[in-house]
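Structural characterization, general
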Amino acid sequence: MEAKITLEYGNPKTANAIANAVSPDNFKTPSGLVIKTARKNHLVLTEIKTKEKLSTFIATIDDLLFCVHTAEKTLRTVTKTLLKQR
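Scope of this entry: the structure provided in the associated data block.

Analysis parameters
- Residues numbered from 1 in each chain as written.
- Predicted model: local features only at pLDDT ≥ 70, side-chain atom pairs only at ≥ 80, totals over all residues.
- Heavy atoms only, no water.
- Helix = DSSP H or I, 4+ residues; strand = E, 2+ residues; numbered from the N terminus.
- Buried < 20%, exposed > 50% of the residue type's maximum accessible area, 1.4 Å probe, protein only.
- Contact = heavy atoms within 4.5 Å.
- Areas by Shrake-Rupley, 256 points an atom, 1.4 Å probe, with all protein chains shown as cover.
- Lys, Arg positive; Asp, Glu negative; His and termini not counted.
- Charge placed at Lys NZ, Arg CZ, Asp CG, Glu CD.
- Pairing = 2+ DSSP bridges.
- Axes fitted to C-alpha atoms, helices over the stretch in contact; angles between N-to-C directions.
- Parallel < 35°, antiparallel > 145°, perpendicular 65-115°, else oblique.
- Left-handed = near helix turned anticlockwise from the far one by under 90°.
- Nonpolar A, V, L, I, M, F, W, Y, C, P; charged D, E, K, R; others polar.

1. Concerning the overall build of the protein
When its secondary structure is counted, the protein shows two helices and three strands. N-terminal to C-terminal, the α/β element order of the protein is β-α-β-β-α. In the protein, which comprises 86 residues, the proportion classed as buried is 27%. For the protein, long-range pairs separated by at least 24 residues make up 61% of all intrachain contacts whose partners lie at least 6 apart in sequence. When the accessible area of the protein is evaluated, it comes to approximately 6,100 Å², of which 56% is carbon and sulfur surface. For the protein, the distance from the average position of its 14 positive side-chain charges to the average position of its 8 negative side-chain charges is 8 Å.

This is the structure:
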């Protein structure tokens, strides 16, 4: 099974922050599961490949999207805090 997920952001800086936040997943994968995340301009591109069960595949996608959501919320909070300090 294979999935290619493309997330689009307003600028390369935001895309880079999100890609860096989720890229440790590229290295912590069980045997039979490959996750590669990269930034290209304002896009975050993730490719997931597995020969495991469908439930593992879906759980991996769910985990990735949860991590992305958490990174986005954190980035928004930090940005708002920094803007208030100015």
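2. With respect to the sheet that holds strand β2 (residues 33-40)
Pairing in this open sheet of three strands is antiparallel, and the strands run β1-β3-β2 from one edge to the other. One side of each edge strand has no neighbouring strand; the edge strands of this open sheet are β1 (2-8) and β2. Shown here is a sheet whose adjacent strand axes are inclined to one another by a mean of 10°, direction ignored. Relative to strand β3 (residues 43-50), β1 runs antiparallel, the two sharing seven bridges. Within β3, the residue paired with T6 across the bridge is L45. Packing of helix α1 (residues 12-22) onto the sheet brings it into contact with β2 and β3, and relative to β2 it is tilted by some 160°.

3. Details of the packing of α1 against helix α2 (residues 54-85)
Packing of α1 against α2 leaves a shortest axis separation of 9 Å and a crossing angle of 130°. Between α1 and α2, the angle falls in the class oblique. Classified by chirality, the crossing of α2 by α1 is right-handed. Contact with α1, carried on its side by T14, A17, I18, A21 and V22, involves L64, C67, V68, A71, E72 and L75 of α2 and no other residues of that element. Its residues placed into classes, the contact of α1 with α2 shows nine nonpolar, one polar and one charged.

4. What about the pairing of β3?
Burial of β3 is one-sided: the residues V44, T46, I48 and T50 facing one way are buried, the residues L43, L45, E47 and K49 facing the other way are not. Strand direction decides the pairing type here: β2 and β3, joined by eight bridges, are antiparallel. Bridge assignment links T37 to a residue of β3, and that residue is T46. The antiparallel hairpin formed by β2 and β3 contains two residues in its connecting segment, where N41 sits at a positive phi of about 55°.

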